[in-house]
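# Breakdown of the fold
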There are 2 protein chains.
Amino acid sequence: MNRGNTLKSGRKEPERVILTMKKIFLIVLDGLGDRPNVELQGRTALQAAYRPNLNRLVKDGQCGIMHPVSPGYRTGSDTSHLSLLGYDPEKFYTGRGPFEAMGLGMTVLGGDVAFRANFGTVDTNGVVTDRRAGRITSGTDKLAEALSFSVDGVDFFVRAGVEHRAALVMRGKDLMDRITDSDPHEPGLRVQEVKPLDEKAKFTADVLNKYLALARKKLADHPLNAKRIKEGKEPANELLIRGAGQAPSLTPFSELYGMKAACISGIPMITGICRLIGMNSIAVEGATGRLDSDFRAKFEAAYRTLNDYDFLIMNIKATDVAGHDGDPIAKRDAIQRIDAAMKDIGKILQDTVVCVTGDHSTPCAMKDHSGDPLPILFNSSGIRKDRAKLFDEISCTYGTYNINSGDVMKVLLQLSDRAEKYGA
Amino acid sequence: MNRGNTLKSGRKEPERVILTMKKIFLIVLDGLGDRPNVELQGRTALQAAYRPNLNRLVKDGQCGIMHPVSPGYRTGSDTSHLSLLGYDPEKFYTGRGPFEAMGLGMTVLGGDVAFRANFGTVDTNGVVTDRRAGRITSGTDKLAEALSFSVDGVDFFVRAGVEHRAALVMRGKDLMDRITDSDPHEPGLRVQEVKPLDEKAKFTADVLNKYLALARKKLADHPLNAKRIKEGKEPANELLIRGAGQAPSLTPFSELYGMKAACISGIPMITGICRLIGMNSIAVEGATGRLDSDFRAKFEAAYRTLNDYDFLIMNIKATDVAGHDGDPIAKRDAIQRIDAAMKDIGKILQDTVVCVTGDHSTPCAMKDHSGDPLPILFNSSGIRKDRAKLFDEISCTYGTYNINSGDVMKVLLQLSDRAEKYGA
């Protein structure tokens, strides 16, 4: 690039910054979007929060409105994050099985078949008497351990969740998720034999039935169940499985975008998705995925990580937790603490494109996800500044963008001067 | 239509203008979009320009933000113009070959197979010693002429570009672009035989190999090369071809939209695209496709053309040239001169919908295309006026639209009262 040359017009060409590809830091405040809260005088948690750092990023940068997947979609964190990262969930989301398993911190690889599972109670005739084994509260981790073994070259992994909940992952060759559940979904019915719904799924069904028979025996013989029976409790003597889903084989993120990528996430499911696309997961001491998370530690870890990586996605779960709790004050306060924790973000804007948004809205008044769109901001040196001054669901309508989550990576690539030219 | 009837309310129904279909004038300021420039106190070239006529069109009309193809796409002029005219480049863009050929002013018809080409130097063993024939600067037009002939019913056309560059167009029956390059892409390697990548491309590969052998002989015997060898220069004794692309067979514009259409363009590639869809190209004396173009002459020619046509697209290249030069002052000044040249545009607004936008952004700070969106304005008598007052990348976010380039023709058809009703 020429520097300070004299132009034909006789004027001196100004020196300019040599454009190099920038890094990208995508900050996802989980469940960020809100609806008006009576407790906050009709404001959203974000509108009510003292958020000088977020506002400064908007004032000196660009913003807009972002719809998860597309307008009106009420998404989960799984589908939203896939979409935000440029993996169309309509193509790649294969049901809750693999994503619930990731949510329990299990490793799920492309091709694995995964299930949601319950520890249940079955009588001697194979009839389910309690789908939740008396809402068992402890020891399921030991049971899960006992149920992790191999059959006919297929590895089975079980991990316990909250109470009676668990997940099962099958890993091996020629697996397919077109099979029925063993869970009859109602007490009083017999445990079902797993049946293939496709010729090619016969092996999967066969090996799974074999596994479940062996698992039944291990559960019957397990000392925890002997103890429970002695105590007059329902034994957890059956692993009821449902919702088979095969983890998609996704093009690794690094290959798709030519960037070395990492994630920082307090939520196992998001870590799982990021690992599924080949990202490294960076552990942060003090990050809990809850309201008490050490946001400052997360941002400091992020800045360090960006020294070694081109792309970093960081999920902060606290906003979603407060939304599900229906607590607008807690949500506002979480945003205030997140904002305070990002006070030094200005120091990376010279060579990094920072984007802040959410994966979906979790309005406190709803205590669940909604399909309301989210504010999104982009900031970096040299990019356009638009009219918006504040970071919230309404002010960001003054901005440049009205996009879907599937557009975000493209906008980030172009703002970081990484987009390939389409045409000449 | 009823005129002056008495309504049930007793009021007299006002007389109304009978709606007639309007004409459409689409003005594409090439590479219009910009990013903040230090030299312009952080403004874009458009923000910094004195542009009373463009501003008046916004103030009395509608505007918005337009993303080439879709948000984040960093497009070329070829893909952008196809999209703006309603031809989805994802379907119809067949690689650079045909568009580079059009860029050299060659006629390219649907079904033609076109290539980017170099005049190179090859030794007696067929090994490429210089892919650029010593960066030959003159005489290649004579060589191109000698290489334009027919073989087995297929017509070959060669046109010289800048220095060693050229393009080759094949026209005939049963051609197909699924073939390999003859260019080995590295010096020190032999010229490659062209091979079919598809059974149906065998004829194309065969006739092309035959042509290249004949072309080799013509170049070896050409007096220009004898002269170059005598002068100790590298002979241009091989036409190295690459990037075969088959020009798409596009539905003619007139058929697609029911409008008689013309283009005014200083850039051969855009003229080529417009011709490919059956538009007439209107030559304008003094229009150069450069910064010194006679913009007044272009607008005067445009108004005259609109007497005879329903649709006119006019491309002004100067803004893009200044962007590629990295010269924000020149870009601002070009916009000022374009604005001044359109001082009489008000006179056509009664029966014409005027639209001003760009095909892509060419930020001066980047000296290349970016994926930043563009301002777009629409004006005509009787249409809504929205909140925006100024024509630039930021002010137009006050407007009505946040659209993709593929939406523009639809908006134009509806504003010109030409859109067919979808439903009843």
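If you're wondering where the values come from, they're calculated on a predicted model, not measured in any experiment.

### Some thoughts on the overall build of chain A
Each helix and strand in chain A was counted, giving 14 helices and 14 strands. Seen along its three principal axes, the alpha-carbon backbone of chain A occupies a region of about 95 × 50 × 35 Å. Within chain A, buried positions represent 52% of all 424 residues. Considering only intrachain contacts with a sequence separation of at least 6, the fraction spanning at least 24 residues in chain A is 69%.

### Some points on the domain arrangement of chain A
Residues and elements named next belong to chain A. Split by domain assignment, chain A resolves into domain 1 (23-93 + 250-415) and domain 2 (98-246). With eight residues of domain 1 at the interface, the matching set in domain 2 holds eight residues. Residue contributions to the side of domain 1 that touches domain 2 peak at six residues, all from helix H10 (residues 268-276). Across the side of domain 1 that touches domain 2, the residue classes break down as five nonpolar, one polar and two charged.

### Concerning the relation of the copies chain A and chain B
Rotating chain A by 124° about the axis while translating it 0.4 Å along that axis superimposes it on chain B, leaving an RMSD of 0.2 Å. Each copy turns onto its partner about a three-fold axis. The share of interface residues of chain A whose copies in chain B are also at the interface is only 4%, consistent with the copies meeting through different surfaces.

### Side note on the interface of chain A and chain B
Taken together, the 28 residues of chain A in the interface contact 34 residues of chain B. In the side of chain A that touches chain B, the residues fall into twelve nonpolar, six polar and ten charged.

### Comments concerning the confidence of the model for chain A
All names here are of chain A. Of the residues in chain A, 96% have a pLDDT of 70 or more, and the chain-wide mean is 94. Counting contacts from residues 1-18, a segment whose pLDDT is below 50, to residues more than four positions away or on other chains yields 16 contacts. Across the interface, the model reports ipTM at 0.87; the global pTM reads 0.89.

### Quick notes on the pairing of strand E3 (residues 113-122) of chain B
All names here are of chain B. Burial within E3 is extensive, with ten of its ten residues counted as buried. Neither face of E3 is open: one carries Val113, Phe115, Ala117, Phe119 and Thr121, the other Ala114, Arg116, Asn118, Gly120 and Val122, and all of them are buried. Where E3 meets strand E7 (residues 165-171), six bridges bridge the pair, whose relative direction is antiparallel. By the bridge assignment, Asn118 is partnered in E7 with Arg165. With seven bridges joining them, E3 and strand E8 (residues 238-246) adopt antiparallel strand pairing. Within E8, the residue paired with Asn118 across the bridge is Leu240. Note: E3 against strand E4 (residues 128-130), two bridges, orientation antiparallel.

### Quick look at the sheet that holds strand E12 (residues 352-357) of chain A
Residues and elements named next belong to chain A. Taken together, eight strands build an open sheet; the order of strands is E10-E9-E11-E1-E12-E13-E2-E14 and the sheet is mixed. Either end of the sheet is taken by a strand with one partner, and the two such strands are strand E10 (280-281) and strand E14 (401-404). With six bridges joining them, strand E1 (residues 23-29) and E12 adopt parallel strand pairing. Bridging across to E12, Val28 finds its partner in Thr357. Lying over the sheet, helix H11 (residues 295-306) contacts E1, strand E9 (261-265), strand E11 (311-316) and E12, oriented at roughly 170° with respect to E11.

### Thoughts on helix H11 (residues 295-308) of chain B
An α-helical turn contains 3.6 residues, so a residue and the one three or four places further along point in the same direction. Residue and element names in this part refer to chain B. In this model H11 runs 21 Å from its N-terminal to its C-terminal C-alpha over 14 residues, within 8% of the 20 Å that 1.5 Å per residue would give. Every buried residue of H11 is listed here: Phe295, Lys298, Phe299, Ala301, Ala302 and Thr305. The arc that holds every buried residue of H11, seen down its axis, measures 160°, which confines them to one face. Turned more than 90 degrees away from the buried face of H11, the exposed residues are Arg304 and Asn307.

### Considerations on the packing of helix H3 (residues 77-84) of chain B against helix H10 (residues 268-276) of chain B
Residues and elements named next belong to chain B. Relative orientation of the contacting elements H3 and H10 amounts to 35°, with a least axis distance of 10 Å. Every pair of crossing elements has a handedness; the one defined by H3 and H10 is right-handed. Where H3 abuts H10, its residues Ser77, Asp78, His81 and Leu82 lie against Met269, Ile270 and Ile273. Broken down by class, the residue content of the contact of H3 with H10 amounts to four nonpolar, two polar and one charged.

### Thoughts on unusual backbone geometry
Residue and element names in this part refer to chain A. Positive phi is not limited to glycine here, since Arg135 has a value of about 45°. By the element assignment, Arg135 lies in the loop between strand E4 (128-130) and helix H6 (140-146). The class for Arg135 is exposed, based on 11 C-beta atoms found within 10 Å.

### Regarding the environment of Arg116(B)
Residues and elements named next belong to chain B. Here Arg116 is to be found in strand E3. Distance from Arg116 to Asp368, taken between C-alpha atoms, is 21 Å for residues 252 residues apart in sequence. Leaving out residues up to four positions away in the same chain, Arg116 has contacts with Arg96, Gly97, Glu100, Ala167, Arg242 and Gly243.

### Comments concerning the nonpolar core
If you look at the biggest cluster of nonpolar residues, it comprises 121 residues, and the most contacted ones within it are Leu168(A), Leu239(A), Cys355(A) and Leu412(A). Looking at this core element by element, the count peaks at seven residues for helix H7 (residues 202-221) of chain A. Residue contributions to this core reach at least three from each of two domains, namely domain 1 (23-93 + 250-415) and domain 2 (98-246) of chain A. Those residues in contact with Leu168(A) that sit more than four places away from it in its chain are Ala114(A), Phe115(A), Ala117(A), Phe156(A), Val158(A), Leu239(A) and Ile241(A). One finds Leu54(B), Leu57(B), Ala247(B) and Cys396(B) within the second-largest nonpolar core, a separate group that totals 119 residues.

### Topic: the environment of Asn209(A)
All names here are of chain A. Assignment of secondary structure puts Asn209 in helix H7. Here the alpha-carbon distance between Asn209 and Pro375, two residues 166 residues apart in the chain, equals 48 Å. Not counting the four nearest positions on each side in its chain, Asn209 is found in contact with Glu193 and Val194.

What counts as what
- Residues numbered from 1 in each chain as written.
- Chains lettered and ligands numbered in written order.
- Predicted model: local features only at pLDDT ≥ 70, side-chain atom pairs only at ≥ 80, totals over all residues.
- Helix = DSSP H or I, 4+ residues; strand = E, 2+ residues; numbered from the N terminus.
- Buried ≥ 20, exposed ≤ 12 C-beta atoms within 10 Å, placed from the backbone.
- Contact = placed C-beta atoms within 7 Å.
- Domains from an automatic or database assignment.
- Nonpolar A, V, L, I, M, F, W, Y, C, P; charged D, E, K, R; others polar.
- Least-squares fit on C-alpha atoms with pLDDT ≥ 70 in both.
- pLDDT = per-residue confidence, 0-100.
- Pairing = 2+ DSSP bridges.
- Axes fitted to C-alpha atoms, helices over the stretch in contact; angles between N-to-C directions.
- Expected span 1.5 Å × (residues − 1).
- Arc of directions from axis to C-beta.
- Left-handed = near helix turned anticlockwise from the far one by under 90°.
- Core = buried A, V, L, I, M, F, W, Y, C linked by C-beta atoms within 7 Å.

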